Structures are given as structure tokens and as C-alpha cells.
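# Remarks on the overall topology
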Amino acid sequence: LEAGLRADYWVRAMALCANSSAVTPAVVEAFFAGLQAHAERLAGNPNTYFSAKSNWGVMEFTGLYLLGWVLHRPDYVAQATACLKRQLATQLMGDGFQWEGSTMYHNEVLMSFLEVLRIAALWGDAPFTPAETEQIRGAALATLYSQTPAGHQPMTGDSDDTDVRDLLAQAALLLQDGTLKAGAFSELDYEGLWLFGTKGRDAYRSLPAKAPAAEIKTFPCAGQVFYRSAWGPDADWLHLRTGPLGGGHGHQDRLHLDLWLDGEEVLTDSGRYTYQDVPLRYQLKGAAAHNVPVINGREAVLSRDSWLYKALPPALGSTVTEVGDSFLLEGLHTGYAGAGMLLRRRVLAIRHTIFVICDEVLGPVPETLHQYFHFAENIALQTEGNRLNGQGKRTGFCMQAYAGGQPLPLQTEKTCLSRHYNQLSSASRAVICAPGSRAVTTILVRCGNGQPVHIAPQTVCNKAYHTTLTPQQGEGYLVEIGNQRQAIVLLHQDVGNDTDFNGFEGVYGLGQVMTCDLAQHPQAMTVLQW
């Protein structure tokens, strides 16, 4: 890995310094001798199968590809090209994401493939077929759609809070893709200018940016869903992760939820901090460092060491439904299947104002069901009875939690947050505990300027049979924001038998998840899950 990286960066550095008087013939001789030693090390790599599946391999053979051209060694070029093609086919999933479960290492792999394209253009080579180039474009689009309103990558798995607009600018230029430019800097940044020069600067300026639609974007192979309200710094952004744990860089973050409102981070991942085999490594990889539900206070997957897990229960992916200005995301968690339990999370978003997070155990009633919510440092929290109020610089919100129709306290505490490797700070999190309950429902409502919000649980009635549902069968909530009145129904079972036509406030429908704007006429339930 180090040899591959050094090969690339040494050549870049020498290209910038080649005309300096300090680069004497003796320096040149030593430089090329060093490059040859690196090339021999890379070409003799015995771990070819590890390299085929690891981000290490992409960076290693990017270095060998460059050295093959610089040292005039076609055999190195051919070897590196073959390995890079195999890595491209092996590591990038069908939706564009690199398999290891970390956005940062996905972007490292993308950066390496872009470097190969840049080098190939300099030497007049075409190492990839059109289909393979489209795979690289797919990886760049995954970076585009996953970036936050600040232009950064989410801290999924072992990832830092890093700006990716420079990377997208290079991808846009190399692939001549205006969609990628929409998420990049409007001008090449400092490094981009060094790499591509004035010719590249002019070509980038002439490339028109084409912002994609603001929509829900699903990545079924990676098990990730992203929603954004607009392409701009003031957008709302939501991310739900339901996919596989990935490689050693993956965290125990299934069903993790990130949220930005008004361009401001509200719910965040806790980061990574270190790779050392120390307690903090396991703490930040663990479920409680993420915005997830936890059964009986135990990890769904136990770590074997800093990199490996004792088991890899299969991921079940996610379901996405969008109706009008509301959408529903659902994911299932199999980490507790050995105890006869499945864990289901449903996230209902209504008019980008009301966010309902319902976590449900399918199976025996657990001793406890916890929810964790980690807040960004900029969010000030204040408890008011069983309500939690949050205020940032741009946005405000309130949260209330319920189990069995009864309110639950949201307890706040300080916890660790690591936005960059070897850097540690603190932030706040909310912990919700429901003893002896199969389901916990937390409602987050965006509100500002002192706007009053009232959230009240409601009894769900069946109009056809004139019965009422127990909280274990279904929950109802009335959310009032100023003059708005929103009805929400969540069933914990299929629709049928004598619990098939349900609702409250005189509005009924057939569906497991339903909502109705009670201020609108005529009134009817909108079904998001039948």
C-alpha cells in the first residue's frame, strides 16, 4: 500500500520540481532507482487475492500502472491494468458503491481509478473498456448522491468528515460529466490546478453543471437510501443504512439514520478515531455509537478484534415508498435472529417536517428496547418534561418518544465524536429505553421561531367492526404544528380480520402505515404501506 501511494505522489512531486536547480543528475539517478525499487516491490506482490478484494490493491496497482509508463516498462503496465480490471469487477457493487462499508474507502478507491484515467490520458492509453469506465462513473455518482449538503462524505464506517467536492471536480473533468460537476466546486481547487493545469482549468470551466433531481436515491446493493430536498447548502438530507456490514472498515450501524435540516447537521455518526485495538475502537464501532435500535442492551454482532466480527448475519435490504410529499423507508435487522427476533425500523417523513422513527421487534417481547440518537456539536438540547427540544444555528426541532401509547423520557448525555482520525471531541446523544415493549416510536418535528408543536397519542379505531386496537396492534398520533393537523397510523401487524379499516378523527383506511392532513378536504388516508 505504502509503495503504491509513494510511487504516485513522488512522481507528482518531481513533476512540479523537475526544472529546479536542486534536481541534479545525482538526484535524478537516485529518484529513478527508488522508483525501480518500488516497482519491483509492487510487481512482486504475493497477496494478489487480498489485493483483488481490498482498497489496498487498487492503490497498489495504480502506483504500478504509473511506474510502468514512467520507467518504460510495458510489462508493468500490462500487469497493473489486468489487476485493476479485476479489482474493478470485484470491489464495485452493482449500484456503484465499494463493498467495504466505508464511504471514505469508497472514495479512496474512486480517487485511484480516476488517477489511472488521468495517467492514461497523458500517455495516450485506454486501460478500461467503455463498460468499465461506466463503472467508475457509477462510483462517482455514488459519491455525488451520498454527499451531505456541506459537500462532505457521511462518516459511514471508518470514515472522516471530509469534503469530496474536489474529488467530484476531478471526476467531472475526466469523465466530462456535468451531473458530477453539480456536486463539485465551481472551479478546480488548488490540487486540481496542479494536476490538470490551465488546460484542465479551461476545460472544467466550459463544462456545464447539470444538477440532478432532488429525490430519494436508493443503492440496493450497499443497502443505503439517501433523500435530499434540493442541491444546495440549505437542503434537507436524510440517510438510512440497512445493508451488509462490509469489510473490516464497516461498523455495527445497520438501521443507522443521519439527518440534516435546513442545511444543518442534526443527527450524525460518531466517527472512527482509531484503528488500534483499544476500548474506544470498539465503542465507536458499536451500535450504541450510531442512531440505531438495540435489543436488551447487547450488540447485534460481536467483534472478534479491531477488524473482524464473530458472525455476519445477512442483510435484508430496504423498502422505499413515496406518495406525494411523504415517503416511508423500511429496513429489517437480522442480528438478533439467533434469539428469535427480527428488528424492523420504519422511517416516515411527512412534508419534510414530521419524521416518525418506529422500531419494532418481531418475535418475543424483549426485556428492553433502546433507541440512540447522536446529535451534531452545533445542536443545543433542552429537556421539557418528556419532550426534547433542539436548536441549531439554522434549524430547530422537538422530539417525543412513545411505547405502548405512553410517553417515554429522552435522557441526554455526553458522548464521543470523532470527525477525523486521531481527533476526539464530545457531543450529546439522547437515549430512550422501553422496558418490556416490542416497539418504540419517536417523532421528530421541525419547528422554528417559537412555533408551537403538540404531539398526542391517539386510540386507533376500526370503523368496520366498531372496535379499538390495542397499542400492541397499532398506534395513532396527532401532530399539530401551528394550524396544521396531521394524523398518523402505524400498525404492528398486517391489515385484516377485524382490524382492517382503521383510523381516528373520522378518517379511516386500509394500510399498515397511513397519514392524513386533517386540514385538507375531503379527508382521506394516504397509505404508504399496505
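Starting from 1, residues in each chain are numbered consecutively following that chain's sequence as written. Per-residue local features of the predicted model are confined to residues with pLDDT of at least 70, and side-chain atom pairs are confined, for both listing and counting, to 80 or more; whole-chain, interface and lining totals are unaffected and use all residues. The side-chain numbers reported here are obtained from all heavy atoms of the structure, hydrogens and water having been left aside.

Here we take up the packing of aromatic side chains. Aromatic rings from Phe, Tyr and Trp, with only the six-membered ring used for Trp, were paired whenever their centres fell within 6.5 Å, and each pair was classed as stacked if the ring planes differed by under 30 degrees, edge-to-face if by over 60, and tilted otherwise. Following the criterion strictly, the structure yields 17 aromatic pairs and no others. Arranged with centres 6.0 Å apart and planes meeting at 70°, the rings of Phe-113 and Phe-128 form a pair that is edge-to-face. Taken together, the residues Phe-113 in helix α6 (residues 103–123) and Phe-128 in the loop between α6 and α7 (130–146) connect sequence positions 15 residues apart. The same class applies to Phe-113 as to Phe-128, namely buried. Counting from the N terminus, the helices are DSSP H or I runs at least four residues long and the strands are E runs at least two residues long. The buried label applies to any residue whose accessible area, calculated with a 1.4 Å probe on protein chains only, is under 20% of its type's maximum; exposed applies above 50%, and partly exposed to all values in between.

Before going further, it helps to spend a moment on the environment of Leu-117. Mapped onto the fold, Leu-117 is located in helix α6. Considering only alpha carbons, one finds Leu-117 and Pro-452, 335 residues apart in sequence, at a separation of 55 Å. Whether two residues are in contact is decided by their heavy atoms: any pair within 4.5 Å suffices. Every residue in contact with Leu-117, bar those within four places of it in the chain, is listed here: Phe-128, Ile-136, Leu-174 and Leu-175.

Here a helix's expected span is defined as the number of its residues, less one, multiplied by 1.5 Å. The end-to-end C-alpha separation of α7 is 24 Å, in line with the 24 Å expected for 17 residues at 1.5 Å each. Taking burial as the measure, the 17 residues of α7 include twelve buried ones, the bulk of the element. Residues of α7 that are buried: Glu-132, Thr-133, Ile-136, Arg-137, Gly-138, Ala-139, Ala-140, Ala-142, Thr-143, Leu-144, Tyr-145 and Ser-146.

With that out of the way, let us pick up the packing of helix α4 (residues 55–70) against α6. How two helices pack is summed up by the angle between their axes together with the distance between the axes. Helix axes are fitted only over the stretch in contact, all axes being lines through C-alpha atoms; the angle between N-to-C directions runs from 0 to 180 degrees. Following both chains from N to C, one finds α4 and α6 inclined at 15°, their axes separated by 9 Å at the closest point. By the angle between their axes, α4 is roughly parallel relative to α6. The crossing of α4 and α6 is left-handed. Of α6, the residues touching α4 (which contributes Asn-55, Val-58, Met-59, Thr-62, Tyr-65, Leu-66, Trp-69 and Val-70) are Tyr-105, Glu-108, Val-109, Ser-112, Phe-113, Glu-115, Val-116, Ile-119, Ala-120 and Trp-123. Under the grouping applied here, Gly and all other residues not named as nonpolar or charged are polar, the nonpolar ones being Ala, Val, Leu, Ile, Met, Phe, Trp, Tyr, Cys and Pro and the charged ones Asp, Glu, Lys and Arg. Classifying every residue of the contact of α4 with α6 by side-chain character gives 13 nonpolar, three polar and two charged. Under this scheme an angle from 65 to 115 degrees is roughly perpendicular, one under 35 degrees roughly parallel, and one over 145 degrees roughly antiparallel; angles in between are oblique. Working rule for handedness: look at the near helix, and if it is turned counterclockwise from the far one by less than a right angle, call the crossing left-handed; if clockwise, right-handed.

Here the focus is the nonpolar core. We define a nonpolar core as any set of buried Ala, Val, Leu, Ile, Met, Phe, Trp, Tyr and Cys residues linked to one another through side-chain atoms lying within 4.5 Å. Among the nonpolar cores identified, the biggest contains 61 residues, and Tyr-65, Leu-84, Phe-113, Phe-128, Ile-136 and Leu-180 are the most heavily contacted of them. Residue assignment for this core shows that the elements contributing at least two residues are α1 (2–17), α2 (25–43), α4, α5 (74–91), α6, α7, α8 (165–175) and α10 (190–206). If we skip the residues at most four places from it in the chain, Phe-113 touches Val-58, Leu-84, Gln-87, Leu-88, Phe-128 and Ile-136.

Think of a patch as exposed residues, more than 30% relative accessible area, with no salt bridge, where like charges cluster within 9 Å and nonpolar side chains (Val, Leu, Ile, Met, Phe, Trp, Tyr) cluster within 5 Å. Surface accessibility in these figures is a Shrake-Rupley result with a 1.4 Å probe; residues are shielded only by whichever protein chains are displayed. One side-chain nitrogen of Lys or Arg within 4 Å of one carboxyl oxygen of Asp or Glu is enough to make a salt bridge. A surface patch of nonpolar side chains, about 400 Å² in accessible area, is lined by Val-495, Phe-501, Leu-510 and Trp-530. Its location among the elements puts Leu-510 in the loop between β25 (507–509) and β26 (513–517).

What follows covers the environment of Gly-94. Here Gly-94 is to be found in the loop between α5 and α6. Given a relative accessible area of 76%, Gly-94 falls into the exposed group. Spatially, the C-alpha atom of Gly-94 lies 21 Å from that of Leu-312, the residues being 218 residues apart in sequence.

Put simply, α6 and α8 touch, their axes get as near as 10 Å, and they point 35° apart. The handedness of the crossing between α6 and α8 comes out as left-handed. Contacts from Asn-107, Leu-110, Met-111, Leu-114, Leu-117 and Arg-118 of α6 reach α8 at Leu-167, Ala-171, Leu-174 and Leu-175. Here the residues of the contact of α6 with α8 sort into eight nonpolar, one polar and one charged.

Generally, phi is negative for residues other than glycine and the peptide bonds are trans, each holding for most cases. Here the amide bond leading from His-521 into Pro-522 is cis, since omega sits at -5°, within 30 degrees of zero. Looking at the secondary structure, you find Pro-522 in the loop between β26 and β27 (526–529). A positive phi angle, near 55°, is found at Asn-296, a position not held by glycine. Position of Asn-296 relative to the elements: it lies in the loop between β6 (293–295) and β7 (318–323). For Asn-296, a relative accessible area of 30% corresponds to the partly exposed category. Its identity as a non-glycine residue notwithstanding, His-466 has a phi of 55°, on the positive side. Tracing the backbone shows His-466 in the loop between β20 (461–462) and β21 (467–468).

With seven of eight residues buried, strand β8 (residues 326–333) lies mostly within the body of the structure. Inspection of the sheet shows β7 paired to β8 by six bridges, in the antiparallel sense. When the sheet's bridge partners are listed, Glu-322 is paired in β8 with Phe-327. Any two strands with at least two DSSP-identified bridges between them are counted as paired. Remark: two residues form the turn of the hairpin made by β7 and β8, two consecutive strands paired antiparallel; Gly-324 in that turn has positive phi of roughly 60°. Strand direction decides the pairing type here: β8 and strand β9 (residues 342–350), joined by eight bridges, are antiparallel. By the bridge assignment for β9, Leu-328 is matched with Leu-348.

This part covers the state of the cysteines. What is meant by a disulfide is a covalent connection between two cysteines, made through their sulfur atoms. Note that a disulfide, as used here, is simply two cysteine sulfur atoms within 2.5 Å. Throughout the structure, instances matching the rule amount to zero disulfides. With no disulfide of its own, Cys-433 has Cys-358 as its nearest cysteine by sulfur position, at a separation of 16 Å. Cysteine Cys-516 remains unbridged, with the sulfur of Cys-461 as its closest cysteine sulfur at 15 Å.

Here we take up α5. When the terminal C-alpha atoms of α5 are compared, their 25 Å separation across 18 residues agrees well with the 26 Å that a helix rising 1.5 Å per residue should span. All of the buried residues in α5 are Tyr-76, Val-77, Ala-80, Thr-81, Cys-83, Leu-84, Gln-87, Leu-88 and Gln-91. Each element contacted by the buried residues of α5 is listed here: α2, α3 (48–53), α4, α6 and α7.

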